[in-house]
Amino acid sequence: MKIVRTVAHLREVIRAWRASGETVALIPTMGALHEGHLSLVRLGRERCRRTVATLFVNPKQFNQPSDLAAYPRTEESDAEKLTAIDCDLLFAPDAAEMYPPSFATNVSVRGIGEELEGAARPGHFDGVATVVSKLLLQALPDVAIFGEKDWQQLQVIKRFAADLNIPVAIEGAPTVRDADGLALSSRNVRLTPADRSKAPLLHAVLQRVAVAVRAGADPAEAVNGARRELAAGGFEPIDYIEVRDGETLGPPGPGPRRVLAAAWLGQVRLIDNIPG
Ligand code: AMP
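Q: Any chance you could explain the pattern of salt bridges here in plain terms?
A: When the charged atoms of two side chains lie near each other, side chains of opposite charge can form a pair. Throughout the structure, instances matching the rule amount to 21 salt bridges. A salt bridge links Glu-22 to Arg-50; the nearest nitrogen and oxygen atoms lie 2.8 Å apart. Separated by 28 residues along the polypeptide, Glu-22 in the loop between helix H1 (7–19) and strand E2 (24–29) and Arg-50 in strand E3 (residues 50–55) bring together distant segments of the chain. With respect to burial, Glu-22 and Arg-50 carry one shared label: buried. Close ionic contact of Arg-269 with Glu-117 constitutes a salt bridge, the shortest N to O distance being 2.9 Å. Highlighted residues: Arg-269 in strand E9 (residues 268–275) and Glu-117 in helix H6 (residues 117–120), separated in sequence by 152 residues.

In structure tokens, the structure reads:
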């Protein structure tokens, strides 16, 4: 697998593929790759002839400097994992390539980007939307693949890609979990053994809310019970646990619903969601 670090080099490689009639899937990541990320690359390989993974720990989407500093950086082993599953190209730019000193643009998604994660992490989705816009326009793939693990992020990306007429199909991929239900995340390595044993409760509680709501329970009552259960299980603070419309992330309507939560165990913030 080739590694490129500049937009010019990325475009040169992709231009040659295009000249041969080959299709391209893009898989943006912040590295510290696990099976969740690799499942996106595998899906990319099913969709397109060529797969491009990107590795960029985007400073603009971190609202806490300590979280950015603690974010794992493992490029060498990431590259090995991608090579092992036949990813064609890794784009790993440095911060100056993505954000030169003159950089002055911000992509901001109103409404859907201001709820839940947007409210708990001010500026987070502006950072995501800005960097993903850049990555989509730099590579101009046929398809870009994102995990349902970050459900709201996936909806935000679909929104700005449509609003800005970015000619790339945005596709979601199912959440990959450990056997006990914990969604894989690059942040899980920072859980203490004691907190790791508490962590599966988040998914279990989401499932109980979804079952209750489907059986006709009042969503507000179901999430109140869930909040108490998470608190008793050691989650503190609980940023949110909500039943929302799956597409707009507004109040649940007649369409498909989503149950979403974010809560802390020690220094680690976990997020998860399932269909409601
Ligand atoms: P990240 O490196 O955390 O920014 O994630 C890069 C991509 O991988 C995003 O599209 C995430 O939604 C996706 N992703 C992260 N964890 C998982 C998981 N457990 N299952 C599926 N996709 C995931």
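Q: Teacher, can you tell me more about the site of the ligand here?
A: The immediate surroundings of the ligand are formed by 17 residues, with Met-30, Gly-147, Asp-150, Val-176 and Leu-184 found nearest. Within the side chain of His-37, an N or O atom sits 3.0 Å from an oxygen atom of the ligand. With respect to the ligand, the backbone of Val-176 contributes an N or O atom lying 2.9 Å from a nitrogen atom. Starting from 480 Å² of accessible surface for the ligand in isolation, the protein chains cover 93%. At the level of elements, E2, helix H2 (35–47) and strand E5 (143–147) are the ones that each hand at least two residues to the shell around the ligand. Looking at the shell around the ligand, the element that brings in the most residues is H2, giving 3 residues. Residues that form the shell around the ligand fall into these classes: 8 nonpolar, 7 polar and 2 charged.

Q: Sorry, what's going on with helix H7 (residues 124–139) here?
A: Three- or four-residue spacings in an α-helix give side chains the same orientation, since the helix completes a turn every 3.6 residues. The terminal C-alpha atoms of H7, which comprises 16 residues, lie 23 Å apart, in line with the 22 Å expected from a rise of 1.5 Å per residue. Most of H7 is tucked away, with 14 of its 16 residues classed as buried. Leu-140 occupies a position one or two residues after H7 and carries a positive phi of about 40 degrees.

Q: So what exactly am I meant to see when it comes to the sheet that holds E9 here?
A: Backbone hydrogen bonds hold the strands of a sheet together, and the pairing may be parallel or antiparallel. As summarised here, the arrangement of the 3 strands in space is E7-E8-E9, forming an open sheet in which the pairing is antiparallel. Looking along the sheet, the strands with just one partner apiece sit at the ends: strand E7 (238–245) and E9. Taking each pair of neighbouring strands and ignoring which way they run, the sheet shows an average axis angle of 10 degrees. Looking at chain direction, strand E8 (residues 257–265) and E9 are connected through 8 bridges and run antiparallel. Bridge pairing in E9 places Ala-263 opposite Leu-270.

Q: Just to check I follow, could you spell out the packing of H7 against helix H8 (residues 151–163) for this structure?
A: Packed helices, taken two at a time, are described by the angle between their axes plus the distance between the axes. For the pair H7 and H8, interaxial distance at closest approach is 10 Å and the crossing angle is 55 degrees. The orientation of H7 with respect to H8, classified from their angle, is oblique. Considering only the axes of H7 and H8, their crossing is right-handed. When H7 is examined against H8, the residues Phe-125, Val-128, Ala-129, Val-132, Ser-133 and Leu-136 are found in contact with a partner set consisting of Gln-152, Gln-153, Val-156, Ile-157 and Phe-160. Among the residues making up the contact of H7 with H8, the classes are represented as 8 nonpolar, 3 polar and no charged.

Q: Teacher, can you tell me more about the pairing of E2 here?
A: Side-chain direction in a regular strand flips from residue to residue, so the side chains alternate between the two faces of the sheet. The element E2 is extensively covered by neighbouring structure, given that 6 of its 6 residues are classed as buried. Where E2 and E3 come together, 6 bridges link them in parallel fashion. In the sheet register, Leu-26 faces E3, and the bridge partner there is Val-52. In the classification by handedness, the crossover that spans E2, the intervening H2 and the parallel E3 is right-handed.

Q: Help me out: how do you make sense of the environment of Ile-14 in this one?
A: Note that Ile-14 resides in helix H1. C-alpha of Ile-14 to C-alpha of Leu-89: the two residues are 75 residues apart in sequence and 9.4 Å apart in space. In this structure, Ile-14 is in contact with Val-24, Val-52 and Ala-139, ignoring residues within four places of it in sequence.

Q: It is not clear to me how the sheet that holds strand E4 (residues 89–91) should be interpreted in this structure. Could you clarify?
A: One open sheet holds the 6 strands; their spatial order is E1-E4-E3-E2-E5-E6, and the pairing between them is parallel. The sheet terminates laterally at strand E1 (2–4) and strand E6 (169–173), the two strands that pair on one side only. The sheet shows a mean angle of 25 degrees between the axes of neighbouring strands, direction not considered. Summarising the sheet, E3 and E4 pair through 3 bridges and their orientation is parallel. Note that in E4 the partner of Ala-53 across the bridge is Leu-90. Relative to E2, H7 is tilted by about 155 degrees, and along the sheet it contacts E2, E3, E4, E5 and E6.

The rules behind each value
- Counting from 1, residues in each chain are numbered in the order their sequence is written.
- Totals for whole chains, interfaces and linings use every residue, but because this is a predicted model, local features are given only for residues with pLDDT of at least 70 and side-chain atom pairs only at 80 or more, for both listing and counting.
- Hydrogens and water are ignored here; the side-chain numbers use all heavy atoms of the structure.
- Salt-bridge detection follows one rule: a side-chain nitrogen of Lys or Arg within 4 Å of a carboxyl oxygen of Asp or Glu.
- Under the scheme used here, helices are H or I runs from DSSP no shorter than 4 residues and strands are E runs no shorter than 2 residues, and both carry numbers assigned from the N terminus.
- We call a residue buried when its accessible area falls under 20% of the maximum for its residue type, exposed when it is over 50%, and partly exposed in between, using a 1.4 Å probe and counting protein chains only.
- To be near a molecule or strand, a residue needs just one of its heavy atoms within 4 Å of it.
- Distance and chemistry together define a polar contact, namely a pair of N or O atoms within 3.5 Å, with one atom able to donate a hydrogen and the other to accept it when in protein, and with adjacent residues in sequence counting only for side-chain atoms on both sides.
- Only the protein chains shown count as covering a residue, and every accessible area follows the Shrake-Rupley method with a 1.4 Å probe.
- Each residue is assigned to one of three groups, with Ala, Val, Leu, Ile, Met, Phe, Trp, Tyr, Cys and Pro labelled nonpolar, Asp, Glu, Lys and Arg labelled charged, and all others, Gly among them, labelled polar.
- Each helix should span, by expectation, one fewer than its residue count multiplied by 1.5 Å.
- Being paired, for any two strands, means DSSP has found at least two bridges between them.
- Throughout, an axis means a line fitted to C-alpha atoms (over the contacting stretch in the case of helices), and angles, computed between N-to-C directions, take values from 0 to 180 degrees.
- Reported orientations rely on four angle classes, namely roughly parallel under 35 degrees, roughly antiparallel over 145, roughly perpendicular from 65 to 115, and oblique for the rest.
- Take the far helix as your reference; a near helix turned counterclockwise from it by less than a right angle gives a left-handed crossing, and one turned clockwise gives a right-handed crossing.
- What makes two residues a contact is simply this: any of their non-hydrogen atoms within 4.5 Å.
- Here, the term right-handed applies to a crossover whose path from the first strand over the helix to the second runs clockwise when the strands point away from the viewer.

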